[in-house]
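Here is how the chains run, residue by residue.
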Amino acid sequence: MLDPNEFALDDHEFDRIRARLYEVSGISLSAAKRTLVIARLGRQLRALGLASFTAYLDHLEHRASPAEQQEFVNALTTNLTRFWREEHHFTHLVDHVGELMRTPHRQRRLRIWSAGCSTGQEPYTIALTLLRAYPDLKRWDFKILATDIDTAVIAKAATGSYPEGDVADLPPDRLALFDRPGDGRARIPAAVAAHVSFKPLNLMAPWPMKGPFDAIFCRNVTIYFDRPTQTEVFARMGEILAPDGYLYIGHSENLGLSAPGFHLVGKTVYQANPGQHRARNAA
């Protein structure tokens, strides 16, 4: 077990860590996270055989491999999620997609982005919910892009395999949507997983996708950003959201003045204002 007293973290080192994390990821680390930093980065120090956080930071700045640079970010990101979290969003999405499918002469194309997807429960819930509500979607050009800055959780999500405990509290009709071979795991059916693509993405970096997206889920992600960063991220999302698309945010978030290009249409559900610039290229 890691000894929390094994490594001391002075104020200068903590400030360097906070500045580095903000620079590379946009995450604004509060002073209250000091103990978390010691615990999580202490493992990196031990693995590298380094005696201090100063030595670790110097290593990151001058000698670290890309994989070690990524491990710094992975160690300090928070990944809390579950299937059907904030259920009202999925109810709203089902209604929205139903309206799109009933639109005359609409292309049979649906694009959804799960930004900050963590270990995959959110994008898989989207796929499971929509395919159950609208079986015809399997014949559509229906794709869900799932991204996260943490490469470790992306790799885990791509397996589509979860401990039985992760689904134990779901009602029987939802449990029936999973493959459960009896080995203590619950798996996303291959036909469902085929609609979801997992990609690493730093929201502070250039975005390779152009949209338009019919819905964007960015829930409990921007709570780690300061106001200027929130404003930048939401503005960029508005540009690639379809004119009739929706942005879903977390229950503890509020766009407020951070996203003047959106208006509230439901509980933590937003739509871009008319006239907001959006890309039209295919994703």
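These numbers come from a predicted model, not from an experiment.

A.B. asks: Looking at this structure, I do not really get the pattern of salt bridges. What am I missing?
C.D. replies: One side chain can pair with another of opposite charge once the charged atoms of both are near each other. Counted under the stated rule, the structure contains 12 salt bridges. The partner of R16 in a salt bridge is E61, with the nearest N and O atoms 2.9 Å apart. Taken together, the residues R16 in helix α1 (residues 11-25) and E61 in helix α3 (residues 53-62) connect sequence positions 45 residues apart. Residue classification places R16 among the buried residues on the basis of a relative accessible area of 19%. Exposure remark for E61: the relative accessible area of 44% places this residue in the partly exposed category. Across the pair E87 and R174 runs a salt bridge, and its minimum N-O distance is 2.4 Å. Highlighted residues: E87 in helix α5 (residues 87-102) and R174 in helix α8 (residues 172-175), separated in sequence by 87 residues. The exposure class assigned to E87 is partly exposed, which follows from its relative accessible area of 38%.

A.B. asks: Explanation requested: the pairing of strand β9 (residues 269-272) in the structure shown.
C.D. replies: If a strand is regular, its side chains alternate between the two faces of the sheet. Because side chains alternate across β9, one face comprises the buried residues V269 and Q271, and the other comprises Y270 and A272, equally buried. Two strands pair when backbone bridges link them, and strand β7 (residues 241-249) and β9 are joined in this way by 3 bridges, in the antiparallel orientation. By the bridge assignment, Y246 is partnered in β9 with Q271. The pairing of strand β8 (residues 262-266) with β9 spans 4 bridges and is classified as antiparallel. What sits directly across from F262, in β9, is A272. From the end of β8 to the start of β9, which pair antiparallel, there are 2 residues, and T268 there has a positive phi angle of about 55 degrees.

A.B. asks: Could you clarify how one ought to interpret helix α10 (residues 227-239) in this entry?
C.D. replies: Each full turn of the α-helix corresponds to 3.6 residues, which orients residues three or four apart in the same direction. For α10, built from 13 residues, the straight-helix expectation of 18 Å at 1.5 Å per residue is met to within 8% by its first-to-last C-alpha distance of 19 Å. Along α10, the positions that sit buried rather than exposed are T229, Q230, V233, F234, R236, M237 and G238. Tucked inside the fold, the buried residues of α10 contact α1, β1 (109-115), β6 (213-218), β7 and β8.

A.B. asks: Where do I start with the sheet that holds strand β2 (residues 141-148) in this structure?
C.D. replies: The strands making up a sheet associate through backbone hydrogen bonding, with each pair oriented either parallel or antiparallel. With mixed pairing, 7 strands are arranged side by side in an open sheet as β5-β2-β1-β6-β7-β9-β8. Both outer strands of the open sheet, β5 (196-200) and β8, are each paired with one neighbouring strand and no more. The sheet shows a mean angle of 25 degrees between the axes of neighbouring strands, direction not considered. Alignment of β2 against β5, held across 5 bridges, turns out to be parallel. Across the sheet, residue A146 finds its bridge partner in β5, namely F198. Of the strands in this sheet, β1, β6, β7 and β9 are in contact with α5, which crosses β7 at around 170 degrees.

A.B. asks: Got a minute to help me understand the packing of aromatic side chains in this structure?
C.D. replies: Centre-to-centre distance and the angle between the planes together describe a pair of aromatic rings. A full pass over the atoms with the stated rule returns 11 aromatic pairs. For the pair F90 and F217, a centre-to-centre distance of 5.7 Å together with 20 degrees between the ring planes defines the contact as stacked. Within this pair, whereas F90 is found in helix α5, its partner F217 is found in strand β6, the two being separated by 127 residues in sequence. The structure contains a cluster of three or more aromatic residues connected by ring pairs, namely F83, W84, Y124, Y162, F178 and F198. Lying across the ring of F72, R20 places its NZ or CZ 5.8 Å from the centre. In this structure, R236 is placed above the aromatic ring of W207, and the distance from its NZ or CZ to the ring centre is 4.0 Å.

A.B. asks: When you look at the layout of surface pockets in this model, what are you seeing that I'm missing?
C.D. replies: A water-sized probe, rolled over the atoms, reveals where empty space remains. Reported here for the largest pocket is a volume of approximately 600 Å³. Forming the boundary of the largest pocket are 33 residues, of which T78, D148, N220, V221 and Y224 lie nearest the centre. Of the residues assigned to the lining of the largest pocket, the class counts are 15 nonpolar, 13 polar and 5 charged.

A.B. asks: Explanation requested: the packing of α1 against helix α2 (residues 34-48) in the structure shown.
C.D. replies: In a pair of packed helices, the angle between the axes and the distance between the axes together describe the arrangement. As a packed pair, α1 and α2 sit with axes 11 Å apart at the nearest point and diverge in direction by 80 degrees. What the angle tells us is that α1 and α2 run roughly perpendicular. Packed against α1, whose contacting residues are D11, F14 and I17, the element α2 presents R34, V37 and L41 at the interface. Its residues assigned to classes, the contact of α1 with α2 shows 4 nonpolar, no polar and 2 charged.

A.B. asks: What am I meant to see in unusual backbone geometry here?
C.D. replies: With glycine set apart, most residues show a phi of negative sign, and most peptide bonds adopt trans. With an omega of 0 degrees, the peptide bond running from G211 to P212 counts as cis. With respect to the helices, strands and loops of the structure, P212 is situated in the loop between β5 and β6. Here H105, not a glycine, exhibits a phi torsion of approximately 65 degrees, which is positive. Along the chain, the position of H105 falls in the loop between α5 and β1. Given the relative accessible area of 84%, H105 is considered exposed.

Reading guide: rules and limits
Residues numbered from 1 in each chain as written. Predicted model: local features only at pLDDT ≥ 70, side-chain atom pairs only at ≥ 80, totals over all residues. Heavy atoms only, no water. Salt bridge = Lys/Arg side-chain N within 4 Å of Asp/Glu carboxyl O. Helix = DSSP H or I, 4+ residues; strand = E, 2+ residues; numbered from the N terminus. Buried < 20%, exposed > 50% of the residue type's maximum accessible area, 1.4 Å probe, protein only. Pairing = 2+ DSSP bridges. Expected span 1.5 Å × (residues − 1). Contact = heavy atoms within 4.5 Å. Axes fitted to C-alpha atoms, helices over the stretch in contact; angles between N-to-C directions. Phe/Tyr/Trp six-rings, centres within 6.5 Å; stacked < 30°, edge-to-face > 60°. Lys NZ or Arg CZ within 6 Å of the ring centre and 35° of its normal. 1 Å grid on protein atoms, 1.4 Å probe; cavity = no way out; pocket = protein on both sides within 12 Å on 5 of 7 lines; lining within 4 Å. Points joined across faces, edges and corners; volume = space filled by probe spheres on them. Nonpolar A, V, L, I, M, F, W, Y, C, P; charged D, E, K, R; others polar. Parallel < 35°, antiparallel > 145°, perpendicular 65-115°, else oblique.

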